[in-house]
Amino acid sequence: TSISSYWRLRRSQRISQEQFEFQPIDLRSDEILNGVTGLIGNTPLVRINSLSDALGVQILGKAEFLNPGGSVKDRVALRIIEDAERQGLLHPHTGSRIFEGTVGSTGISIATIAKARGYDTTIIMPDDVAQEKVNALQALGADVQRVRPASIVDKKQYVNLARRAAVEFGRSGIVKSLEDAHISHELQTGSASVVVTTTSSHVNAEGTVDDPMDEDLLSKPRGFFADQFENRSNFDAHYEGTGPETWRQVDGHIDAFVSGAGTGGTIAGTGRFLKSMNEEVQVVLADPEGSGLYNKVKHGVMYDRREAEGTKRRHQVDTVVEGIGINRMTNNIDLAIPIIDDAFRITDVEAVAMSRYLVQRDGLFLGSSSACNLVACVKFAKKMGWREGQTLVTVLCDSGNRHYSKFWNDDYLRKANIRVDHSLIDDLIAQP
Ligand code: PMP
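What you see is a predicted model, and the numbers here were worked out from it, not measured in a lab.

Peer 1: Which residues make up the packing of helix α13 (residues 348-362) against helix α14 (residues 368-384), and what are the values?
Peer 2: It is at 8 Å that the axes of α13 and α14 come closest, and there the two elements cross at 95 degrees. Taken together, the axis directions place α13 and α14 in an arrangement best described as roughly perpendicular. Contacts between α13 and α14 pair Glu350, Ala351, Met354 and Ser355 from the former with Ser368, Ala371, Cys372, Leu374 and Val375 from the latter. When the residues that make up the contact of α13 with α14 are grouped by side-chain class, the tally is six nonpolar, two polar and one charged.

Encoded structure:
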């Protein structure tokens, strides 16, 4: 197996301040990496010169778009698959198939890594996601199923469909615990509605639980539900990867970590690691319009404006920004909320303005969630009155090339009534 260098940090153990050892990082390594997974992680930090110079602080972006699958989600997909292999839930080259419900990035990462490790992939996604993500998935050999957007309480919602498809695949599926075995059995026979599970044991078509290490079963194809929203491996990828890398790269000089949350894995894992090193590090949420997280942080309730308006699209986050924002609690969001110190609601217009500003000033062509994160960096630095070299680190989750059909399409934005005006960022910077 290939092990990229950050995995050398002991993976089964939580790293505490005493245990954490500085390791030299070698971003432009002379080492020959073992296959595509060797390219994952150890991303550089880049100073956002325009914003840093204008504000007098250091705004640094972790260049996650340099991962081989094009986004921060490579870390998560690799960790989920490695953990599943360690638990005996997946065995390479057995015809096993990984299922996920995702708006795109996670699917692309899973499809990339799955091929490298001998699995097939089925990705189920809403049909309003940018077409280039579908194209990328198909090019990577994934089976892509697009479904009507639906509420999470609907069994036809894409995450629920992915879970069910994994259980129905072959003769076995993955469930959280023995108690869930009977529910899974019902799912296989098509009679249950919605069941929330995480990955840790195995149920067969008879509804009894397999020993994952049973020799007879090792060679059989399995369906595996990656379950990024609930799966702890998502958190661990950041707690043991993104967090320690960031800390090393700034040598402990960090005042704030700013991030959006889709599953919450990035902000929870990275934020908790950074706070474990220095509890003064401020963890700041960048939340797009329509997401309930801002209200959860500020007022303790996951208030969704569409719910109040009584429309059917509740639980859907209605924004041109893809990958962040959510209207329900999940395991990984649960881990995030208690450590978030401040939150900003970022409008589509602000995110679009920031993306255009960065291309104009820095030659940085970024995706929508990265742009949201950088708007929140500016707002937080202004709010704190920071102007003397404080360091804010954020995540540059993916590049603009994943977003040509919506976020980077001026015609689309015009029709959606979203103004494209990068001078808005100058105004934001100039505000007292
Ligand atoms: N940005 C992009 C482009 C993403 O795809 C995602 C993941 N959905 C995120 C940000 C948010 O990361 P997380 O799931 O760790 O909260």
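Peer 1: Report on helix α9 (residues 265-277), specifying residues and quantitative values.
Peer 2: Its 13 residues place the ends of α9 18 Å apart at the C-alpha level, agreeing with the 18 Å of an ideal helix rising 1.5 Å per residue. Gly265, Thr266, Ile267, Ala268, Gly269, Thr270, Gly271, Phe273 and Leu274 are the residues of α9 that are buried.

Peer 1: Tell me what's going on with the sheet that holds strand β2 (residues 58-63), and back it up with residues and numbers.
Peer 2: Adjacent strands of a sheet pair through backbone hydrogen bonds, lying either parallel or antiparallel. Across the sheet, which stays open at both edges, the six strands sit in the order β1-β2-β13-β10-β11-β12 with mixed pairing between neighbours. Bordering the open sheet on either side are β1 (45-47) and β12 (342-346), each of which pairs with just one other strand. Direction aside, the axes of adjacent strands within the sheet are offset by 25 degrees on average. Examined bridge by bridge, strand β10 (residues 256-259) and strand β13 (residues 391-396) share three bridges and lie parallel to one another. Note on β13: the bridge partner recorded for valine 258 is threonine 394. Against the sheet, α14 contacts β2, β10, β11 (282-288), β12 and β13, and its axis sits at roughly 165 degrees relative to β13.

Peer 1: Hey, could you go over the sheet that holds strand β9 (residues 223-225) for me, with residue numbers and the actual values?
Peer 2: Overall, parallel pairing links the four strands, which are arranged β5-β4-β3-β9 in an open sheet. The open sheet terminates on both sides in strands that have one partner only, identified here as β5 (143-147) and β9. With direction set aside, neighbouring strand axes in the sheet form an average angle of 20 degrees. Of the strand pairs in this sheet, strand β3 (residues 97-101) and β9 are connected by three bridges, and their pairing is parallel. From the neighbouring strand, isoleucine 98 faces β9, where its bridge partner is phenylalanine 224.

Peer 1: Residue-level account of the environment of lysine 133, with values.
Peer 2: Of note, lysine 133 is situated in helix α4 (residues 131-139). Owing to 24 C-beta atoms within 10 Å, lysine 133 belongs among the buried residues under this scheme. Sequence spacing of lysine 133 and glycine 107 is 26 residues, and the spatial spacing of their C-alpha atoms is 8.8 Å. Setting aside residues up to four positions removed in sequence, lysine 133 forms contacts with Gly104, Ile108 and Arg402.

Peer 1: Would you mind going over the nonpolar core in detail, with residue names and values included?
Peer 2: Counting residues in hydrophobic clusters, the biggest one holds 64 residues, and the most contacted among them are Val375, Ala376 and Cys377. With nine residues, α14 is the largest single contributor of residues to this core. With near-sequence residues (within four places) excluded, valine 375 lies in contact with Ala286, Ile346, Glu350, Ala351 and Met354. With 39 residues, the next largest nonpolar core counts Ala77, Ile80, Ala136 and Val159 among its residues.

Peer 1: Residue-level account of the site of the ligand, with values.
Peer 2: Ser105, Gly262, Gly323, Ser369 and Cys397 are the nearest of the 16 residues found near the ligand. Per-class residue counts for the shell around the ligand are three nonpolar, eleven polar and two charged.

Peer 1: Could you give an account of helix α5 (residues 158-168), with specific residues and numbers?
Peer 2: Along α5, ten of the eleven residues are buried, which leaves the element largely enclosed by surrounding structure. For α5, the complete set of buried residues consists of Tyr158, Val159, Asn160, Leu161, Ala162, Arg163, Arg164, Ala165, Ala166 and Val167.

Peer 1: Outline the environment of valine 301, listing residues and values.
Peer 2: With respect to the helices and strands, the residue valine 301 is situated in the loop between α10 (293-299) and α11 (305-309). A residue is classified by how many C-beta atoms lie within 10 Å of it, and valine 301, with 9 of them, is exposed. Separated by 193 residues in the primary sequence, valine 301 and isoleucine 108 have C-alpha atoms spaced 32 Å apart. Not counting the four nearest positions on each side in its chain, valine 301 is found in contact with Asn295 and Lys296.

Peer 1: If you had to explain the pairing of β11 to someone new, which residues and values would you point to?
Peer 2: With respect to burial, β11 is a largely interior element, six of its seven residues being buried. Both β10 and β11 contribute to a ladder of four bridges, which runs parallel. Note that in β11 the partner of valine 258 across the bridge is valine 284. Each parallel crossover has a hand, and for β10 linked through α9 to β11 it is right-handed. As judged from the five bridges shared by β11 and β12, these two strands associate in the parallel manner. Looking across to β12, one finds that leucine 285 is bridged to alanine 343.

Calculation notes
Residues numbered from 1 in each chain as written. Predicted model: local features only at pLDDT ≥ 70, side-chain atom pairs only at ≥ 80, totals over all residues. Axes fitted to C-alpha atoms, helices over the stretch in contact; angles between N-to-C directions. Helix = DSSP H or I, 4+ residues; strand = E, 2+ residues; numbered from the N terminus. Parallel < 35°, antiparallel > 145°, perpendicular 65-115°, else oblique. Contact = placed C-beta atoms within 7 Å. Nonpolar A, V, L, I, M, F, W, Y, C, P; charged D, E, K, R; others polar. Expected span 1.5 Å × (residues − 1). Buried ≥ 20, exposed ≤ 12 C-beta atoms within 10 Å, placed from the backbone. Pairing = 2+ DSSP bridges. Core = buried A, V, L, I, M, F, W, Y, C linked by C-beta atoms within 7 Å. Near = placed C-beta within 6 Å. Right-handed = clockwise from strand over helix to strand, strands pointing away.

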